[in-house]
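# Close look at the chain arrangement
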Amino acid sequence: VQLQASGGGLVQPGGSLRLSCSASGINLRIRKMGWYRQSPGNQRELVASIDSGASTKYTDSVKGRFIISRDNAKNTVNLKMNSLKPEDTAVYYCNTGWVGDDLQLFDWGQGTQVTVSS
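Notes on the structure in this doc start here. (Residues numbered from 1 in each chain as written. Predicted model: local features only at pLDDT ≥ 70, side-chain atom pairs only at ≥ 80, totals over all residues. Heavy atoms only, no water.)

### Observations concerning the overall build of the chain
A count of helical and extended segments in the chain gives zero helices and ten strands. Going from the N terminus to the C terminus, the chain shows its helices and strands as β-β-β-β-β-β-β-β-β-β. Rg of the C-alpha trace for the chain: 13 Å, near the compact-globule value of 13 Å for 118 residues, within the 12% margin. The principal-axis extents of the C-alpha atoms in the chain amount to approximately 40 × 25 × 25 Å. Looking at the 118 residues of the chain, the share that counts as buried comes to 43%. Looking at the chain alone, contacts between residues at least 24 apart form 57% of all its contacts between residues at least 6 apart. Accessible area of the chain: about 6,300 Å², with a carbon and sulfur share of 43%. (Helix = DSSP H or I, 4+ residues; strand = E, 2+ residues; numbered from the N terminus. Rg over C-alpha atoms; globule rule 2.2 N^0.38 Å. Buried < 20%, exposed > 50% of the residue type's maximum accessible area, 1.4 Å probe, protein only. Contact = heavy atoms within 4.5 Å. Areas by Shrake-Rupley, 256 points an atom, 1.4 Å probe, with all protein chains shown as cover.)

Here is the structure:
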């Protein structure tokens, strides 16, 4: 299984970005999948998750600003990030996940850097 996140970049506070997670070796549609982030000096945290029925769950820090979704035709899981704040700056990764639960993870793939700065 290989996971790869893409779509990061530099954005001003209040701006938006759309991240995409692609996978080889698994069908993302049948998995609970999540977006994680890790900033320097901090542990990796799960911020958004989606199950096979497209139900979603978010941490309070991103609720109302981030939207996780699936594109089953492309076998991707996406994260639309709106109203970005400097504290959203981190490397973002995708893996199995459900906010509030500990799921068995795949090997971590390549993350994508998101920098929110003026």
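### Considering the sheet that holds strand S2 (residues 9–11)
If you trace the six strands from one edge of the open sheet to the other, you get S2-S10-S9-S4-S5-S6, paired in mixed fashion. The strands lining the two open edges of the sheet, one partner per strand, are S2 and strand S6 (56–58). Each strand of the sheet is rotated relative to its neighbour by a mean of 25°, with strand direction disregarded. (Pairing = 2+ DSSP bridges. Axes fitted to C-alpha atoms, helices over the stretch in contact; angles between N-to-C directions.)

### Notes on the state of the cysteines
One pass over the full model with this rule turns up one disulfide. The residue that forms a disulfide with Cys21 is Cys94, at a sulfur-sulfur distance of 2.0 Å. Disulfide Cys21-Cys94: the torsion about the S-S bond is 70°, which places it as right-handed. Highlighted residues: Cys21 in strand S3 (residues 17–24) and Cys94 in strand S9 (residues 90–96), separated in sequence by 73 residues. (Disulfide = S-S within 2.5 Å.)

### Describing unusual backbone geometry
Non-glycine residue Ala54 carries a positive phi angle of around 75°. Mapping Ala54 onto the fold places it in the loop between strand S5 (45–50) and S6. Using a relative accessible area of 48% as the deciding quantity, one classes Ala54 as partly exposed. Of note in this structure, Ser83 is not a glycine but carries a positive phi near 50°. Relative to the elements of secondary structure, Ser83 occurs in the loop between strand S8 (76–81) and S9.

### Let's talk about the sheet that holds S3
Think of a sheet as strands paired side by side through backbone hydrogen bonds, with each pair either parallel or antiparallel. With respect to topology, four strands assemble into an open sheet ordered S1-S3-S8-S7, the strand pairing being antiparallel. Taken across any chain shown, the strands that pair with only one partner, and hence form the sheet edges, are strand S1 (2–6) and strand S7 (66–71). Neighbour to neighbour, the strand axes of the sheet diverge by 15° on average, direction disregarded. Inspection of the sheet shows S3 paired to S8 by six bridges, in the antiparallel sense. The residue bridging Ser20 from the neighbouring strand is Asn78, located in S8.

The analysis is restricted to geometry; functional conclusions fall outside its scope.
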